[in-house]
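Report on the structure
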Amino acid sequence: MTLSTTNTTIPPPKAQKVVTQPGDRIFLGLSRGSGILLLVIMAAIAIFLTVRAVHAISHDHGNFLSTFEWNADQTPPVFGIAVLAYGTIISSVIAMVIAVPIGVGIALFISHYAPRRLASPLAYLVDLLAAVPSIVYGLWGAIYLVPNLQGLNLWLNEYLGWTGIFHKTDPSSSARSLFTVGILLAIMVLPIITNVSREVFRQVPKAHEEAALALGATRWEVIRMAVLPFARSGIISASMLGLGRALGETMAVAIVLSASPQLTIHLLDPAGGTFAQNIAAKFGEATDFGRDALIASGLVLFVITLLVNGAARLIIARRKEYSGANA
Amino acid sequence: MAKRIDVSGLTAYYGNHKAIDDISMTIEPRSVTAFIGPSGCGKSTFLRTLNRMHEVTPGGRVEGKVMLDDENLYAVGVDPVAVRRTVGMVFQRPNPFPTMSIYDNVAAGLRLNGTAKKQDLDTIVEKSLKGANLWNEVKDRLSKPGAGLSGGQQQRLCIARAIAVEPKVLLMDEPCSALDPISTLAVEDLIGELKERFTIVIVTHNMQQAARVSDRTAFFNLAGVGQPGKLVEIDDTERIFSNPSVQATEDYISGRFG
């Protein structure tokens, strides 16, 4: 009422009619439009991929899931994702087994152990590691890592060869194996895991750490009682981000791995392949149909990534009651 | 059992800033001693020097002696971790471990000490929760998260956690300032019971609380902003609140400043 007395252009307020400013309306339109645009783009990509993939798979003369080789351009086309799925998952698992403990360790060191003078340069160095392009990692892996891992390969073959996993069929063959790829991927995902975990560790409330200290906990016990449980879901998210990168990594794998349509438990053998590596290697020379087949394999990679993310969300949600978020 | 605290010439710093200057006092076993004084007078800092929590803050260091019976907490070679197992602490804001159940919260300190047998743990957890007047409220949901309790219950859970390891001394840093009056009363009643077994030191901004729960009261003050806090006087609570020997104390408790 006071408004209408001071400003005659504003009509008397009608019941239930909310007065909106033009600025509000413009921003509402903009943000709503952005949201809709995102959905449209996603739908377009999904429809495109699915149509092309279904076309390719329906003309596959092999079994798309269990065929080893990838000969989409021969007549009749025979191709399958068995080797690619296996190689992608195995190399990523190796990467996670190596990178998660080391990444969490570095993050803990930076956030809780290192003196401040050392912590910030170290954090900066880890950031720098994230800025290296993956093609550079690939070149470094092929030129430096592969010859230098030969010694480790032979050692593993000699002492752990009996497990089968570390058996090297031809000891003189090069180390362009899934195992080497896993190590390279571990180095590549280390910065993501470290940075995200470090941020989570920093957010642990001082009150929880002091509670543990006041009970007579040592520094390690404080970390075990107060820091790690609080940061648990954060560490899982960090690992999933890293896993996402490892699963989709293309160039570094394509350069290092000596690909072949072999599915072997012997991780040191130069054999196998991954989804992204296979697409990078075949796409340039593929016919239209061959490209559709590669798109189909990309779709499978997408589904795997989706499943991994879903599993992570489940793990986090299952113990929500106990998460630090409601403290 | 409860022990006597004898502080002499204690000065604490944050980096180059002197937070409290040359404090000496004796705290009798099985009594409640309250620290009162305006904000920034160093009473919380002093409290935290009594279990060597002060040095956890970056730049925090201490000069002087704190004797627990005949053992100097700041002697060379004394492990601060061992000190904190002897001198327990309850904080201003209830801080149960959010990721642990009620049971695990109380058992946390015991597990650190190596008490791992389920039976022993069960006994001590029950005893501690009873000691903190919380048992009847939580006995049916020991496996639920501690963070799901009300603020007052959380604070009593923290007290249960602190007394579970049988400390000699219990330090309380404004334990009721985040609680409603009814929860405050519950904690105050509890303090009255706990002093049968422990030496209790409590920092409080609530003068009525100091008068209600404590046997002795120490008044801290500071000359001005940036100046170190000092102990003005310590005496029987009754005397501090009726006939203090220093004018500044009377001004403070009668609300004339601070």
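Residues numbered from 1 in each chain as written. Chains lettered and ligands numbered in written order. Predicted model: local features only at pLDDT ≥ 70, side-chain atom pairs only at ≥ 80, totals over all residues. Heavy atoms only, no water.

**Let's talk about the side chain of B:Ser128**
So the rule is basically this: Counting from the N terminus, the helices are the DSSP runs of H or I reaching at least four residues and the strands are the DSSP runs of E reaching at least two. Contact criterion: two residues are considered in contact whenever any of their non-hydrogen atoms come within 4.5 Å of each other.
Position of B:Ser128 relative to the elements: it lies in helix H4 (residues 118-131). Residue contacts for B:Ser128: discarding those within four places in its chain leaves B:Val106, B:Ala160, B:Ile163 and B:Ala164.

**Some points on the nonpolar core**
The following threshold applies: Throughout, nonpolar core names a set of buried Ala, Val, Leu, Ile, Met, Phe, Trp, Tyr and Cys residues whose side chains join them through atoms within 4.5 Å. We call a residue buried when its accessible area falls under 20% of the maximum for its residue type, exposed when it is over 50%, and partly exposed in between, using a 1.4 Å probe and counting protein chains only.
The biggest cluster of nonpolar side chains holds 53 residues, and the ones touching the most others in it are A:Phe64, A:Trp70, A:Phe79, A:Phe179, A:Leu185 and A:Phe275. Among the elements of the structure, helix H2 (22-58), helix H3 (82-113), helix H5 (134-148), helix H7 (178-202), helix H9 (219-248), helix H10 (251-256) and helix H12 (288-318) of chain A are those that each provide at least two residues to this core. Element by element, the count of residues in this core is highest for H7(A), at 11 residues. Sequence-distant contacts of A:Phe275, defined by excluding residues within four places in its chain, comprise A:Ile81, A:Leu84, A:Ala85, A:Thr88, A:Ser297, A:Val300, A:Leu301 and A:Ile304. Among the nonpolar cores identified, the runner-up in size contains 43 residues, and A:Ala212, B:Val7, B:Val83 and B:Val203 belong to it.

**Describing unusual backbone geometry**
With omega at -10°, the peptide bond leading from A:Thr75 into A:Pro76 counts as cis. Relative to the helices and strands, A:Pro76 is located in the loop between strand S1 (70-71) and strand S2 (78-79). The backbone of B:Arg52 sits at a positive phi, close to 60°, despite the residue not being glycine. By the secondary structure assignment, B:Arg52 is in the loop between helix H1 (43-49) and strand S4 (60-68). Accessibility expressed as a relative area gives 11% for B:Arg52, which makes it buried. Unlike most non-glycine residues, B:Asp69 shows phi in positive territory, near 55°.

**Details of the side chain of A:Gln277**
By the element assignment, A:Gln277 lies in helix H11 (residues 275-283). Excluding residues that lie within four positions of it along the chain, A:Gln277 makes contacts with A:Thr250, A:Val253, A:Ala254, A:Leu257 and A:Ala259.

**Remarks on the environment of B:Gly255**
Residues and elements named next belong to chain B. Positionally, Gly255 belongs in the segment after helix H10 (247-253). Residue class for Gly255 comes out exposed when judged on its relative accessible area of 59%. Through-space distance from the C-alpha of Gly255 to that of Met207 is 9.9 Å; in sequence the pair is 48 residues apart.

**Comments concerning the packing of aromatic side chains**
Residue and element names in this part refer to chain A. The criterion, for reference: Ring pairs are drawn from Phe, Tyr and Trp, using the six-membered ring of Trp, whenever the two centres fall within 6.5 Å, and their geometry is named by plane angle: stacked under 30 degrees, edge-to-face over 60, tilted for the rest. Definition used: whenever NZ (Lys) or CZ (Arg) falls within 6 Å of the ring centre and also within 35 degrees of the ring normal, the charge is taken to sit over that ring.
As enumerated under the stated definition, the model contains 10 aromatic pairs over all chains in all. Ring geometry for Trp140 versus Tyr144: centroids 5.6 Å apart, planes at 15°, classification stacked. You can see Trp140 and its partner Tyr144 sitting in helix H5, 4 residues apart, about one turn around the helix. The class of Trp140 is partly exposed, set by a relative accessible area of 36%. Judged by relative accessible area, which is 45%, Tyr144 ranks as partly exposed. The aromatic ring of Phe283 is capped on one face by Arg291, whose charged end is 4.5 Å from the ring centroid.

**Quick notes on the interface of chain A and chain B**
In plain terms, the rule: The term salt bridge refers to a pairing of a side-chain nitrogen on Lys or Arg with a carboxyl oxygen on Asp or Glu at a separation within 4 Å. Residues were grouped as follows: Ala, Val, Leu, Ile, Met, Phe, Trp, Tyr, Cys and Pro as nonpolar; Asp, Glu, Lys and Arg as charged; and all remaining residues, including Gly, as polar.
Listed by partner, the interface residues are 25 residues for chain A and 27 residues for chain B. For the interface between chain A and chain B, the tally reads 2 salt bridges. As a salt-bridge pair, B:Arg48 and A:Glu210 come within 2.7 Å of each other at their nearest N and O atoms. In terms of residue count, helix H8 (residues 206-214) of chain A provides more of the side of chain A that touches chain B than any other element does, 7 residues in total. Partitioning the side of chain A that touches chain B into residue classes produces 13 nonpolar, 6 polar and 6 charged.

**A closer look at the packing of H9(A) against H12(A)**
How two helices pack is summed up by the angle between their axes together with the distance between the axes. Residues and elements named next belong to chain A. We apply this condition: For helices, the fitted axis covers only the stretch in contact; all axes are lines through C-alpha atoms, and the angles between them, taken along N-to-C directions, range from 0 to 180 degrees. Angular relationships are summarised with four words: roughly parallel below 35 degrees, roughly antiparallel beyond 145, roughly perpendicular across 65 to 115, and oblique for the angles in between.
Contact pair H9 / H12: the axes reach a minimum separation of 10 Å and the direction vectors enclose 175°. When the interaxial angle is binned, H9 and H12 end up roughly antiparallel. Facing Arg232, Ser233, Ile236, Ser237, Met240, Leu243, Leu247 and Gly248 of H9, the residues of H12 in contact are Leu301, Ile304, Thr305, Val308, Asn309, Ala312, Ile315 and Ile316. When grouped by side-chain class, the residues that make up the contact of H9 with H12 number 10 nonpolar, 5 polar and 1 charged.

**Topic: the pattern of salt bridges**
All names here are of chain B. Tallying each qualifying case throughout the model produces 20 salt bridges over all chains. Notably, a salt bridge pairs Arg216 with Asp236, separated by 3.2 Å at the nearest N-O pair. Of this pair, Arg216 sits in strand S9 (residues 216-222) while Asp236 is found in strand S10 (residues 229-236), placing the two residues 20 residues apart along the sequence. Relative accessible area serves as the criterion here: at 39%, Asp236 is assigned to the partly exposed category. Residue Asp235 pairs with Arg239 through a salt bridge whose shortest N-O separation is 3.0 Å. The class for Asp235 is buried, based on a relative accessible area of 17%. The exposure class of Arg239 is partly exposed, given its relative accessible area of 37%.

**A look at the confidence of the model for chain B**
Residues and elements named next belong to chain B. As a reminder, the rule being used: For every residue, the predictor states its confidence as a pLDDT score lying anywhere from 0 to 100.
Mean pLDDT over chain B: 90, with 99% of residues reaching 70 or higher. The element-level mean pLDDT for chain B is lowest in helix H7 (residues 181-194), coming to 89, with strand S3 (residues 32-36) highest at 95. The complex prediction reports pTM at 0.81, with the ipTM value standing at 0.88.

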